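A structural walkthrough
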Amino acid sequence: MSPSTSRPGSCPAYDAIIVGAGFSGLYLLHRLRQQGLTVRAIERGGGVGGTWYWNRYPGARCDVESMEYS
Ligand SMILES: Cc1cc2nc3c(=O)[nH]c(=O)nc-3n(C[C@H](O)[C@H](O)[C@H](O)COP(=O)(O)OP(=O)(O)OC[C@H]3O[C@@H](n4cnc5c(N)ncnc54)[C@H](O)[C@@H]3O)c2cc1C
């Protein structure tokens, strides 16, 4: 279901706006859409994933020293 726009040029109307597309925001987006709501998620980063987007170490197997962590 797409957001409703009553007049040409007016802002689309959403049932919910989600700030942040980390795991919480993505899951909430999924659940609210499952309920048939029109939802928009806004993310300030260039991609989704939140912590897992911002804390990436290409090539590193583990982001801490301790081998117990991996
Ligand atoms: C380095 C690190 C390692 C971790 N390791 C683990 C682990 O191994 N296991 C575990 O369970 N948890 C771990 N965590 C905890 C992790 O934060 C949570 O698991 C989970 O990813 C949190 O998801 P979130 O969606 O609640 O928040 P976040 O992942 O923080 O997502 C919030 C998003 O909101 C966006 N945002 C914030 N303000 C705005 C705004 N005003 N406008 C637009 N966008 C905005 C941010 O850019 C971000 O993308 C770790 C955390 C860190 C920092």
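Note: the structure precedes this text.
Given the structure is predicted, the values throughout are model-derived calculations rather than measurements.

Comments concerning the packing of aromatic side chains
Scanning the model with the defined rule gives two aromatic pairs in all. Note on Phe23 and Trp52: the rings are 6.0 Å apart at their centroids and 20° apart in plane angle, and the pair reads as stacked. Here the residue Phe23 occupies a position in helix α1 (residues 23–34), and Trp52 occupies one in helix α2 (residues 51–54), the gap between them amounting to 29 residues. One exposure class covers both Phe23 and Trp52, and it is exposed. The interplanar angle of 80° and the centroid separation of 5.0 Å between the aromatic rings of Tyr53 and Trp54 together place this pair among those described as edge-to-face. For the cation-ring pair, Arg56 lies above Tyr53, with the distance from its terminal atom to the ring centre recorded as 4.3 Å.

With respect to α1
Taking 1.5 Å as the rise per residue, α1 with twelve residues should run 16 Å; its terminal C-alpha atoms sit 16 Å apart, in good agreement. Two residues or fewer after α1 comes Gly36, characterised by a positive phi angle close to 85°.

As for the pairing of strand β1 (residues 16–19)
Burial of the side chains of β1 is restricted to one face: Ala16 and Ile18 are buried, whereas none of Ile17 and Val19 on the reverse face is. In this structure, β1 lies alongside strand β2 (residues 39–42), joined through four bridges in parallel fashion. Among the inter-strand pairings, Ala16 is bridged to a residue of β2, identified as Val39. Read as a crossover between parallel neighbours, the route from β1 over α1 to β2 is right-handed.

Parameters at a glance
- Here the residue numbering is sequential within each chain, running from 1 through the sequence in written order.
- Restriction of local features to residues with pLDDT of at least 70 applies here, the model being predicted, together with a cutoff of 80 or more for giving and counting side-chain atom pairs; totals for whole chains, interfaces and linings are based on all residues.
- With hydrogens and water set aside, each side-chain value is computed from the structure's full complement of heavy atoms.
- Each Phe, Tyr or Trp ring, with Trp reduced to its six-membered ring, pairs with another whose centre is within 6.5 Å; inter-plane angles below 30 degrees give stacked pairs, above 60 give edge-to-face pairs, and intermediate values give tilted ones.
- Runs of E in the DSSP output that reach at least two residues are strands. Runs of H or I that reach at least four are helices, and both are numbered from the N terminus.
- Under the scheme applied here, a residue whose accessible area is under 20% of the maximum for its type counts as buried, over 50% as exposed, and between as partly exposed, the area being computed with a 1.4 Å probe on protein chains only.
- Only Lys NZ and Arg CZ are tested; either one counts as a charge over a ring when it is within 6 Å of the ring centre and within 35 degrees of the ring normal.
- Expected helix span is taken as 1.5 Å per residue step, with the number of steps being one fewer than the number of residues.
- Strands pair, by our definition, only if DSSP identifies at least two bridges between them.
- By definition, the crossover connecting two strands over a helix is right-handed if that path, from the first strand to the second, turns clockwise as seen with the strands pointing away from the viewer.

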